[in-house]
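What follows is the residue order along each chain.
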Amino acid sequence: MRLRRNCPRPLPDGNGEEGGQAAFLRGIEAFAQKSSIDPDKQLKAVAKARYWQGTDPVVAIAGVQPAKEADPDVRLRVRLGSQLIKGFCIEGMNVEAARLVETMPPLPNREALPGAAADLFAEFLLLDPESAQLAAPLLGLPVEVLKERIARRNDGDYPGILPQKGLEQWSQPWSPIFMEWKVRYIHVPHEANGKKNWLFDGIDYILDDNAAGDGKIVQIGGVSPLSTHIRQTFKERLREFVSSGGDSKGYAQLDDWMRRVDGWCFVSQELTGFRAMLAQRDARTFRTPGTGMTEAAADTVPFLLNDVLSDFYGICQGQIFFTDLILYDKFGRVLELARSETGSGLYKHENFPLLRDAAMLPPRSLQPAVTAPAQLPPRLLLQHMRLEVLLSDQQDDSMMLGESPRVNPICGWILVNHLDHGLLLYAPDGSAMGELRLQKPARGDKRVVWSPPVHGEIRTLLQIHQVFPHLGAFIAGLAGRGEADFSAFLETVDGAMWTLEPLGERSDLHLSLLIGRPLALVRAGFRFQLEGPPLTDAGWQATFAPIEPPFLKYGFSLRLGDQIARNDGTIGYFAGNDYTCFHSVAAPPFHTGYVCRIGPPGKPQGNYLELAVGASAPAYVTLLADPRSPIHAFTGLLPVKDFKIPARFFEPALKKVEASFHIGPLLTKIMPTETTGEEEQVLENTVAVLPPAAQNGTWSWWEKEWAQGGGLQWNRYGLRDASPDARMENASVSLREGILQLIVALNEEKKE
């Protein structure tokens, strides 16, 4: 309801117009004024993420030659009536079609046929070798000689254009048009006795080795029309792949590959209605009300009776195996591939040689007598669902991007400082928030210590907590930890960044040796969202006592980030408000209590987030990611979801980021800033240092000095190149210790 209140609605005019484009535009204008939106900006409707629904299993049957007319790439030549064959000439002798037609019985009811029917009938006689018995007396040629000559069908013998198809000797082809099937489904509960039967491996769900069915076998069947679309789809995918990323060799082989695909003997189709019947929805072919519905027996197609009696699950997760599979062709012939009846069919259903995709291979058969069952991992039945990604405000999780104004999901920035073995910290707008470094106390081991920035108003960690709560919580979670935790975090982050592509090209590559890439702390929430109310039990027993679908209580896993995909920007995340454990995409160099790897992928029951389909509240995380790359989310229930951080949240901030390096003791001297009079003098004094290799930013020197009123304060100096030559200057040389600072736009691409 909150989203509905925050959306523009059509505004009728004084004439009572309720709809239409004009009313919609007036509603948008009124909404913009009410929300104080800049009049220079234009509101646009943007579609939200789509919903997804699981599909029925697909069966592909090999060794079945599809009908040629089913190939959409085959073009049929079309002829005009004036181009029909109306005679032939053999050995200089002409035979007109009319002379042959006179010897044949007349076409019945000719007046009701189109005018071209008689011409086509005459052409048929001229092209049929069996008509040689009629034409041989007219030409004075032996019947066998004339029959052989007509069978050649030389273009020179016929004035006109020969038809493209139908000239070969006809034989009844095998043209399968639909299959009738029956399977048995064994449902495996999501969990039993407090232990999960379905384990998420980071990509999809697999069956636990000790899992068992619920003890009930559901029989489901139907009729599915057969199609050659698997061949056509593969050809189009192959053509698209070669066109978008292929080389010259691929282009040269494309035609040959296409011809080989044309030779595939495959027909395929979904098990139409499988999921609908499993959800207690009867959508079977030929099921129409009538007297036949009450008869004791059926004597029409479909041959197999499919009365489905199933408990309601709302989710498909289990194993299936075929008991019956029958093919029908257009001439009524039947091929029984598998039958449950003894002694019929090419195979018994127990040993039917079903080839299964790797994702459908079960660890073992739940029906010991069946050798090749197919595994169906968890998917909702007839229910559209999506994974909703909610970028929330860094101060308030209830404020969502796209629903509330002035939302900023960036909680802060971190920058790995390779030179100092530390972390540079920044506010969402790029302002410096200090740094985290290891320091050795007077007693004890090294500990992580937070230091405030050299300039600005931030002096205490409490100030950061009050304005940037998640950045403050991140700092507090690391501060005080030992060297092992801090080193593991730095090395894990640095290792994950090496797998990103591109590596973040800068205008000065020397910076890669000093600092890493700027990484954003991003606040985001995740939840499964159904399109409409959840599917419920349609059985009579639940009519007056509705039961909540059990799948609403299941916990389903979510994996964030993909180290294999070079364009994934995820480094890791903190779950909820817990900043004591960092869940990383990359494996840590050694085990600590602070860094824990996500998954890892391929490991069942690994370290993943858990979401419930029926939960209204999102599961929040604070992501650590490169905002210039997409973030991928894996659920198994849905296709892989990827999303990006809008550029308006990070491009301005990256232009303000300051990189600071601790330098010293440094033997140098402080001198007044030299100026030519044409330049604006910014800093009064400069420090002589060796020229830094990175020259594309603004360098400065910060040093703590005693203030006139007492206490230490940071003072800023400019830089001047230290001369390699011996020079007499009016300045004393001293040992100094401070911070060398660089301001450079870290989001700019390298310019050639």
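Residues numbered from 1 in each chain as written. Predicted model: local features only at pLDDT ≥ 70, side-chain atom pairs only at ≥ 80, totals over all residues. Heavy atoms only, no water.

**Re the overall build of the protein**
Phase 1: When its secondary structure is counted, the protein shows 13 helices and 34 strands.
Phase 2: Put simply, of all contacts in the protein between residues at least 6 apart along the chain, 70% involve residues at least 24 apart.
Phase 3: Element-wise, carbon and sulfur atoms account for 54% of the exposed surface of the protein, whose accessible area totals about 41,000 Å². (Helix = DSSP H or I, 4+ residues; strand = E, 2+ residues; numbered from the N terminus. Contact = heavy atoms within 4.5 Å. Areas by Shrake-Rupley, 256 points an atom, 1.4 Å probe, with all protein chains shown as cover.)

**Observations regarding the sheet that holds strand β28 (residues 641–643)**
Phase 1: Pairing within the open sheet is antiparallel, and its four strands lie in the order β25-β21-β27-β28. Bordering the open sheet on either side are β25 (609–612) and β28, each of which pairs with just one other strand. With direction set aside, neighbouring strand axes in the sheet form an average angle of 30 degrees.
Phase 2: With three bridges connecting them, strand β27 (residues 631–634) and β28 associate as antiparallel partners. Considered in β28, the bridge of I631 is made with F643. (Pairing = 2+ DSSP bridges. Axes fitted to C-alpha atoms, helices over the stretch in contact; angles between N-to-C directions.)

**Observations concerning the environment of W181**
Phase 1: You can see W181 is positioned in strand β4 (residues 176–187).
Phase 2: Its relative accessible area of 0% is what places W181 among the buried residues.
Phase 3: There is a polar contact of 3.0 Å between the side chain of W181 and the side chain of S224. (Buried < 20%, exposed > 50% of the residue type's maximum accessible area, 1.4 Å probe, protein only. Polar contact = N/O pair within 3.5 Å; in protein donor to acceptor, adjacent residues only side chain to side chain.)

**Considerations on the sheet that holds strand β30 (residues 670–672)**
Phase 1: Taken in spatial order, the six strands line up as β29-β34-β32-β33-β31-β30 in an open sheet, and their pairing is mixed. On the outer flanks of this sheet lie β29 (658–668) and β30, each paired with one strand and no other. On average, each strand axis in the sheet is inclined to that of its neighbour by 40 degrees, with strand direction left out of account.
Phase 2: Bridge analysis of β30 against strand β31 (residues 685–689) gives three bridges, and the strand direction is antiparallel. Its bridge partner lying in β31, M671 is registered against T686.

**Thoughts on the nonpolar core**
Phase 1: One finds F526, F528, L560 and L623 to be the most contacted residues of the largest nonpolar core, which totals 64 residues.
Phase 2: Those residues within four positions of L560 in sequence are excluded, and the remaining contacts are F526, T570, Y573, V585, I598, L609, V621, L623, H632 and A633.
Phase 3: If you look at the next biggest cluster of nonpolar residues, it comprises 36 residues, including I414, A427, I464 and A586. (Core = buried A, V, L, I, M, F, W, Y, C linked by side-chain atoms within 4.5 Å.)

**Comments concerning the pairing of strand β26 (residues 619–625)**
Phase 1: For β26, a buried count of six out of seven residues is recorded, marking the element as mostly surrounded by other parts of the structure.
Phase 2: Pairing geometry for strand β20 (residues 519–530) and β26, over seven bridges, is antiparallel. Within the sheet, the bridge partner assigned to G525 lies in β26 and is Y620.
Phase 3: Pairing between strand β22 (residues 570–575) and β26: five bridges, direction antiparallel. Looking at β26, one finds that Y573 is bridged to L623.

**Things to note about unusual backbone geometry**
Phase 1: With omega at 0 degrees, the peptide bond leading from G599 into P600 counts as cis.
Phase 2: Considering the arrangement of structural elements, one finds P600 in the loop between β24 (595–597) and β25.
Phase 3: With a phi angle near 55 degrees, R406 is a residue other than glycine that sits in the positive phi range.
Phase 4: Mapped onto the fold, R406 is located in the loop between β15 (385–391) and β16 (410–417).
Phase 5: Of note in the backbone geometry, H421 takes a positive phi value of approximately 55 degrees without being a glycine.

**Regarding the state of the cysteines**
Structurally, a disulfide amounts to a covalent bond that connects the sulfur atoms of two cysteines.
Phase 1: Throughout the structure, instances matching the rule amount to zero disulfides.
Phase 2: The thiol sulfur of C581 is not disulfide-bonded, and the nearest other cysteine sulfur, from C596, lies at 5.0 Å. (Disulfide = S-S within 2.5 Å.)

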